[in-house]
Amino acid sequence: MIRKLMLAVAALVAAMNMAFAQVDVNKADAAALDGVKGVGPTTSKAILDERAKGGEFKDWADFAKRVKGVGDKRAVKLSQAGLQVAGKPFDGAGAAKPPAAAGKPAPAAKPAAAPAKM
């Protein structure tokens, strides 16, 4: 019983590692690219076609310039899903907006009203 439980845990850990595997656009085939969340058959074909036509992608800027539909916003999402260009994740400093509450200070608390005198 314990042996089966340990095997199940090991399989779960292996599956989780595969889900977060890094995929480099310069080395990946269509199946590997399709495995990245946000990359479907159309995008993977566009990546492979552009890589065959123009050679390896130098960086994320080169990748976004050559692959239609990839801008900073999408590059952030693809990078978070595990896509890399030339072995590096997207470094879009300022590209991703911080959560609404993150950049704003908390509003000042209003003082409590003084009790009425009688």
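Caption draft 1: Looking closely at helix 5 (residues 72-80). Listed as buried for helix 5 are Ala 75, Val 76, Leu 78 and Ser 79. Buried positions along helix 5 lie against helix 4 (60-66) and strand 2 (83-84). Remark: Gly 82 follows helix 5 within two positions and exhibits a positive phi of approximately 115 degrees.

Caption draft 2: How the structure looks around helix 3 (residues 41-54). For helix 3, with 14 residues, the first-to-last C-alpha span of 20 Å sits near the 20 Å given by 1.5 Å per residue. Structurally, helix 3 contributes buried residues whose contacts are with helix 2 (30-34), helix 4 and helix 5. Trailing helix 3 by a residue or two, Gly 55 shows a phi angle of about 85 degrees, which is positive.

Caption draft 3: Quick look at the packing of aromatic side chains. Applying the stated criterion to the full structure yields three aromatic pairs. Considering the side-chain rings of Phe 57 and Phe 63, the 5.1 Å spacing of their centres and the 85 degrees angle between planes classify their relative orientation as edge-to-face. Residue Phe 57 is classed as buried on the basis of its relative accessible area of 2%. Residue class for Phe 63 comes out buried when judged on its relative accessible area of 0%. Relative to Phe 90, the ring of Trp 60 has its centre 5.4 Å away and its plane inclined at 75 degrees; by these criteria the two rings are edge-to-face.

Caption draft 4: Expanded view of the pattern of salt bridges. For the coordinates displayed, the defined rule picks out five salt bridges. Taking the shortest distance from any N to any O, the salt bridge between Lys 45 and Asp 49 comes out at 2.7 Å. Here Lys 45 pairs with Asp 49, and both are found in helix 3, just four residues apart, close to one helical turn. A cluster of three or more residues bridged by salt bridges with shared partners is formed by Glu 50, Lys 53, Asp 62 and Arg 66.

Caption draft 5: Inspection of the side chain of Arg 51 at higher detail. Its location among the elements puts Arg 51 in helix 3. Although Arg 51 is buried, it makes no salt bridge; Asp 24 carries the closest opposite charge, 6.6 Å away. Not counting residues within four places of it along the chain, the set of residues in contact with Arg 51 comprises Val 25, Asn 26, Lys 27, Ala 28, Glu 56, Phe 57 and Arg 66.

Caption draft 6: The arrangement of unusual backbone geometry in detail. Non-glycine residue Ala 86 carries a positive phi angle of around 55 degrees. Examined against the element boundaries, Ala 86 turns out to sit in the segment after strand 2.

Caption draft 7: Structural view of the nonpolar core. Ranked by internal contacts, the top residues of the largest apolar core, which has 18 residues, are Val 25, Leu 33, Ile 47, Phe 57, Trp 60, Phe 63 and Leu 83. At the level of elements, helix 4 and helix 5 are the ones that each hand at least two residues to this core. Per element, the largest residue contribution to this core is three residues, and it comes from helix 5. Those residues within four positions of Val 25 in sequence are excluded, and the remaining contacts are Leu 33, Ile 47, Arg 51, Phe 57, Phe 63, Leu 83, Gln 84 and Val 85.

Rules of the game
- Residues numbered from 1 in each chain as written.
- Predicted model: local features only at pLDDT ≥ 70, side-chain atom pairs only at ≥ 80, totals over all residues.
- Heavy atoms only, no water.
- Buried < 20%, exposed > 50% of the residue type's maximum accessible area, 1.4 Å probe, protein only.
- Helix = DSSP H or I, 4+ residues; strand = E, 2+ residues; numbered from the N terminus.
- Contact = heavy atoms within 4.5 Å.
- Expected span 1.5 Å × (residues − 1).
- Phe/Tyr/Trp six-rings, centres within 6.5 Å; stacked < 30°, edge-to-face > 60°.
- Salt bridge = Lys/Arg side-chain N within 4 Å of Asp/Glu carboxyl O.
- Lys, Arg positive; Asp, Glu negative; His and termini not counted.
- Core = buried A, V, L, I, M, F, W, Y, C linked by side-chain atoms within 4.5 Å.

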